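Working through the structure, step by step
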Amino acid sequence: MCGSAAWARQALTRPHPESSRTTPLLRTPPPREAESAAMSTYRDFTAPIGSRRATVLRTVGTRERRSHLTAPRVPTVGIDIGGTKVMAGVVDADGNILEKVRTETPDKSKSPKVVEDTIAELVLDLSDRHDVHAVGIGAAGWVDADRNRVLFAPHLSWRNEPLRDRLASRLSVPVLVDNDANTAAWAEWRFGAGRGEDHLVMITLGTGIGGAILEDGQVKRGKYGVAGEFGHMQVVPGGHRCPCGNRGCWEQYSSGNALVREARELAAADSPVAYGIIEHVKGNIGDITGPMITELAREGDAMCIELLQDIGQWLGVGIANLAAALDPSCFVIGGGVSAADDLLIGPARDAFRRHLTGRGYRPEARIARAQLGPEAGMVGAADLARLVARRFRRAKRRRVERYERYERYAQSLRSTQETP
């Protein structure tokens, strides 16, 4: 965006080098009749080129044009927006992060414009040092099927917010918006644990549970764009109340919130099995966190190991339900809670095998831990943005081509007028 976009703007505004040595046609407009005739003849002059381009585009399939295999190998910016941080990075076509910046989510996030200002500032900062061709945004919320509006974000004040259009008008490059679980799943499919899989489901375990579905290289977003909200499947009728308003949602039994809730309840009850973690937080039960539980489990704390096993077992039950509905070849487990690795995923695999419909008579999906860590959403957003980066490149090329064709026609018109 810094180099090529500026060059394109200059090409559209400054006189062509050759025209400066001849009659300044663009600076001295012809009479209205002559101008009308000139533009009419110019349209005839350029029509065959447009026709040839249309013919070529009709011969190329839509999916091939939008495939990552044919996307331009240009740097793009990925943005990962959460309730506490906004992370932005420049990513190349191979998934390598060239530069990354991070800032806290603004305290005044009740105003959507404040968050949009933060995103724009990060992108413009990165574009000072990199030639950015598109921007992809992974938002923790529901994004409509057109990937323009954030319908609802639980940690931000976005409600039916036209995020894509607003940022595109400010950044002057194509902008793509998607759910953060979709962008993370795309990254794992392209560069991580899901490479080579035709049917992949990703589960992100964090504060809640998010998810995404990929089939044949396409993210399945559903009719309204909100597919993959696996965390709100009901697994225990009448169970724990969920912030979504229902009871017994899956994320109330297998998520970071569930892990911390169980640990704090045991500590508050002064359970003998919780003495280790009570001593660790010096009696301040509110200081118990998910990463702390994982750390203590690795050190051998029996209660923390048991809590992760419980979370893992519920994870396996939910995965078995998803296998019955979607029958993927691979489940990728990501999010902050997945840092527990085999302490969590081992019990999940065991529970999955016990609860899988038709077990023993069907192939079992592979369950793997995500490989890209907390940058997955950012990398995936940037890579998805490469699919729309061609719009910027094509538009710039067409503007320059259009200018050059007009200059050629203007030259021929001047030559005709100068002939006695």
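All figures in this text were calculated on a predicted structure; none of them were measured in a lab.

Considering the overall build of the protein chain
What the protein chain contains, in helices and strands, is 12 helices and 13 strands. Per-residue burial over the protein chain gives 48% buried out of 420 residues. A separation of at least 24 residues holds for 66% of the contacts in the protein chain among residues at least 6 apart in sequence. Just so you have it, the protein chain exposes about 20,900 Å², and 51% of that area is on carbon and sulfur atoms.

Details of the packing of helix H7 (residues 256–268) against helix H10 (residues 302–326)
H10 packs onto H7 with a crossing angle of 140 degrees between their chain directions and a minimal axis gap of 10 Å. In terms of orientation, H7 and H10 fall into the oblique class. Judged by the twist between their axes, the crossing of H7 over H10 is right-handed. Only Met 303, Leu 307, Leu 308 and Ile 311 of H10 make contact with H7, whose side of the interface consists of Ala 258, Leu 259, Glu 262, Ala 263 and Leu 266. A breakdown of the residues in the contact of H7 with H10 according to their chemical character gives eight nonpolar, no polar and one charged.

Re unusual backbone geometry
The backbone phi angle of Asp 327 is positive, close to 50 degrees, even though this residue is not glycine. Of note, Asp 327 is situated in the loop between H10 and strand E12 (330–334). With phi around 55 degrees, Asp 341 is a residue other than glycine that occupies positive phi space. Structurally, Asp 341 is set in the loop between E12 and helix H11 (342–355). Assessed through its relative accessible area of 32%, Asp 341 is described here as partly exposed.

Focus: the packing of aromatic side chains
Ring pairs (aromatic) are described by centroid distance and by the angle formed between their planes. Across all of its chains, the model carries four aromatic pairs by this definition. With a centroid separation of 5.0 Å and 40 degrees between ring planes, the pair formed by Tyr 253 and Trp 314 is classed as tilted. Taken together, the residues Tyr 253 in the loop between strand E11 (218–219) and H7 and Trp 314 in helix H10 connect sequence positions 61 residues apart. For Tyr 253, a relative accessible area of 12% translates into the label buried.

Details of H7
Across its 13 residues, H7 extends 18 Å between first and last C-alpha, which sits within 8% of the 18 Å expected from 1.5 Å per residue. Among the residues of H7, Gly 256, Ala 258, Leu 259, Val 260, Arg 261, Ala 263 and Ala 267 are the ones counted as buried. Those residues of H7 hidden inside the fold are in contact with helix H8 (275–280), helix H9 (290–298) and H10. Taken from the residues just after H7, Asp 270 is the one with a positive phi, measuring 55 degrees.

Notes on the side chain of Ser 255
By the element assignment, Ser 255 lies in the loop between E11 and H7. Setting aside residues no more than four positions away along its own chain, Ser 255 makes contact with Gly 206, Thr 207, Gly 208, Ile 209, Ile 311 and Val 337.

Description of the sheet that holds strand E2 (residues 85–91)
With mixed pairing, the five strands of this open sheet are ordered in space as E3-E2-E1-E4-E8. Of all the strands in the sheet, the pair left with one neighbour each is strand E3 (97–104) and strand E8 (175–179). Across the sheet, the mean angle separating the axes of adjacent strands is 15 degrees when strand polarity is ignored. As defined by bridge partners, strand E1 (residues 76–81) adjoins E2 across six bridges and the pair is classed as antiparallel. Note that in E2 the partner of Ile 81 across the bridge is Val 86. Sitting on the sheet, helix H6 (residues 180–191) touches E1, strand E4 (135–139) and E8, and the angle it makes with E8 is about 100 degrees.

What counts as what
- Residues numbered from 1 in each chain as written.
- Predicted model: local features only at pLDDT ≥ 70, side-chain atom pairs only at ≥ 80, totals over all residues.
- Heavy atoms only, no water.
- Helix = DSSP H or I, 4+ residues; strand = E, 2+ residues; numbered from the N terminus.
- Buried < 20%, exposed > 50% of the residue type's maximum accessible area, 1.4 Å probe, protein only.
- Contact = heavy atoms within 4.5 Å.
- Areas by Shrake-Rupley, 256 points an atom, 1.4 Å probe, with all protein chains shown as cover.
- Axes fitted to C-alpha atoms, helices over the stretch in contact; angles between N-to-C directions.
- Parallel < 35°, antiparallel > 145°, perpendicular 65-115°, else oblique.
- Left-handed = near helix turned anticlockwise from the far one by under 90°.
- Nonpolar A, V, L, I, M, F, W, Y, C, P; charged D, E, K, R; others polar.
- Phe/Tyr/Trp six-rings, centres within 6.5 Å; stacked < 30°, edge-to-face > 60°.
- Expected span 1.5 Å × (residues − 1).
- Pairing = 2+ DSSP bridges.

Scope: geometric values only; no functional claims are made or implied.
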